[in-house]
Amino acid sequence: MRVRHRHIIYIQGYDPRGLAQYYRMFRTELRKFSRLYQLSATMSRPKVADDDEIASWTIETKAADWQTRTSYDFLRFEDFIQRDLAAPIWRTVFHALWIYWGLVFTGTIARFTRANWRFTAFITYPHVVLLLEALCAAAVAFVFEKGLNAIGLPDLFSVAAATAIFVAVLGTMLKYTENNTYVLYLLSDTIWTWEFSHRRRPEWDERIDRFARHLVNVARTSDADEIVLVGHSSGSFLGTEILARALRLDPSLGRHGPRVVLFTIGGNLPIVGFHKVSQDFRDHLRQLAQEPSIEWIDCQARKDVMNFYQFDPISSHGIELGDTRRNPTIVPIRFRDIVKPEHYNTFRWQFFRVHFQFVMANQRPHPYDFFMIVCGPVPLKERMAFPEAALEVGDPATRERAWRRIEMCGAEDTASGNLLALEPSARRHG
């Protein structure tokens, strides 16, 4: 029951910073984690595979009466993302506008709104900023045109010059305000998710297939007690794709070797699944919802506008399974419970910072703790099923009693509603 070796396979979302930035953040947050729980945690330098697609490192975590070794694989997509962001500004803008208004006219935006209006507001935000910047550029171009007309230049010349000024000013504003607005990044994200949904990114599919083979190989060769496939943000739907394709390669995955757990956090599955053309993706959701050999845990947070809160990844996609359904376990998280109030108030309106709290260290002990999930001795399934006992494992005064409870109940069916201890709206299907 106690995890001595865990294998984490982490799937990045649409984040161009990639390995270097993530590794630095992970190392910093690991130190905070070790200080919070007064334990020892060390990590190795990353080793990158020959194809540059997977980076790996190990973490050794030691406490008074337990020790856990974590093998950590970071699946890389930043080369694709950086290439997207290097596209000409005009191409990104026109393509994203065409896609957005297509979503409006096909009713997809309305479906997003019914599922979570905050997410609709978030994906609409860059278009609002783009409109405001376009109006500013148009005002400059209008004044310039009137000036040319005042000195007697022909209308044809003044209109052409004003158009050129409009394009130049708008492009300059978008480029030099990007670090504050993230408009071009978010527009590129919109383009990518739409093209991925419509299977117009074959290079992504090919890499996902290779990552599925990697998962199968890990499951066949690892001595880990559990394998946790972590999908954060857009990594949530990439994770479901990787696991579903791995099951196609090895239908007995999870029935031999380590337990396999899909762990989606801050997920946004509908940005793929709500497209009419995404039947293959919905079929994969159906498969994972019924698959008895794997566990799927989905954590959601109201404060994170980039994920879908109180969202059922299965029934909300029109998939009804009745008694055959066993996944996912849906666990709501309150960030204000894991962060000190004075710090929470400083970043609660910084949407990207809030979004990344899912993968950052806690400031308060709590059943949801990304680094305890990665480095701690309690298996993920039991940690989510028995949150109070999992938390008490960290207290020497209650540790043995907590372990007895986890070990006694772990052999039983955990579908009895124990997740309700975490938050009243937490629910398990199965």
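Cut-offs applied
- Residues numbered from 1 in each chain as written.
- Predicted model: local features only at pLDDT ≥ 70, side-chain atom pairs only at ≥ 80, totals over all residues.
- Heavy atoms only, no water.
- Helix = DSSP H or I, 4+ residues; strand = E, 2+ residues; numbered from the N terminus.
- Buried < 20%, exposed > 50% of the residue type's maximum accessible area, 1.4 Å probe, protein only.
- Contact = heavy atoms within 4.5 Å.
- Areas by Shrake-Rupley, 256 points an atom, 1.4 Å probe, with all protein chains shown as cover.
- Lys, Arg positive; Asp, Glu negative; His and termini not counted.
- Charge placed at Lys NZ, Arg CZ, Asp CG, Glu CD.
- Polar contact = N/O pair within 3.5 Å; in protein donor to acceptor, adjacent residues only side chain to side chain.
- Pairing = 2+ DSSP bridges.
- Salt bridge = Lys/Arg side-chain N within 4 Å of Asp/Glu carboxyl O.

A count of helical and extended segments in the chain gives 18 helices and 10 strands. Taken along the three principal axes of its C-alpha coordinates, the chain extends 90 × 45 × 45 Å. Going through the 430 residues of the chain one by one, you find that 55% of them count as buried. The long-range share in the chain, meaning contacts at least 24 apart out of those at least 6 apart in sequence, stands at 74%. Looking at the chain as shown, the accessible area adds up to about 18900 Å², and 56% of this sits on carbon and sulfur atoms. One way to put it: in the chain the 53 positive side-chain charges average out to a point 3 Å from where the 48 negative ones average out.

With respect to the helices and strands, the residue N307 is situated in the loop between β8 (294-301) and β9 (329-333). A relative accessible area of 1% means that N307 is categorised as buried. From its side chain, N307 meets the backbone oxygen of A301 in a polar contact 3.1 Å long. Within the structure, the side chain of N307 is placed 2.7 Å from the backbone oxygen of D304, a separation counted as a polar contact. Residues within four places of N307 in sequence aside, it is in contact with N116, G266, G267, C299, Q300, A301 and F358.

Turning our attention to the pairing of β8. For β8, the buried fraction is high: 8 of the 8 residues fall into the buried class. Judged from the 5 bridges that link them, β8 and β9 form a sheet pairing that is parallel. Bridging across to β9, Q300 finds its partner in P332.

Further remarks concern the pattern of salt bridges. A side chain with one charge may pair with a side chain of the opposite charge, provided their charged atoms come close. Tallying each qualifying case throughout the model produces 24 salt bridges. The closest approach of N and O atoms between E241 and R245, which form a salt bridge, is 2.8 Å. Highlighted residues: E241 and R245, both in helix α10 (residues 235-249), separated by 4 residues, approximately one helical turn. In this structure, E241 and R245 share a single accessibility class: buried. Of the charged contacts in the structure, one is a salt bridge between K381 and E295, with a shortest N-O distance of 3.4 Å. Here K381, found in helix α16 (residues 380-385), pairs with E295, found in strand β8; they are 86 residues apart in sequence, far enough to count as distant. Residue E295 is classed as buried on the basis of its relative accessible area, which comes to 8%. Because the salt bridges share partners, they merge into one network encompassing R199, D205, D209, E241, R245 and R248.

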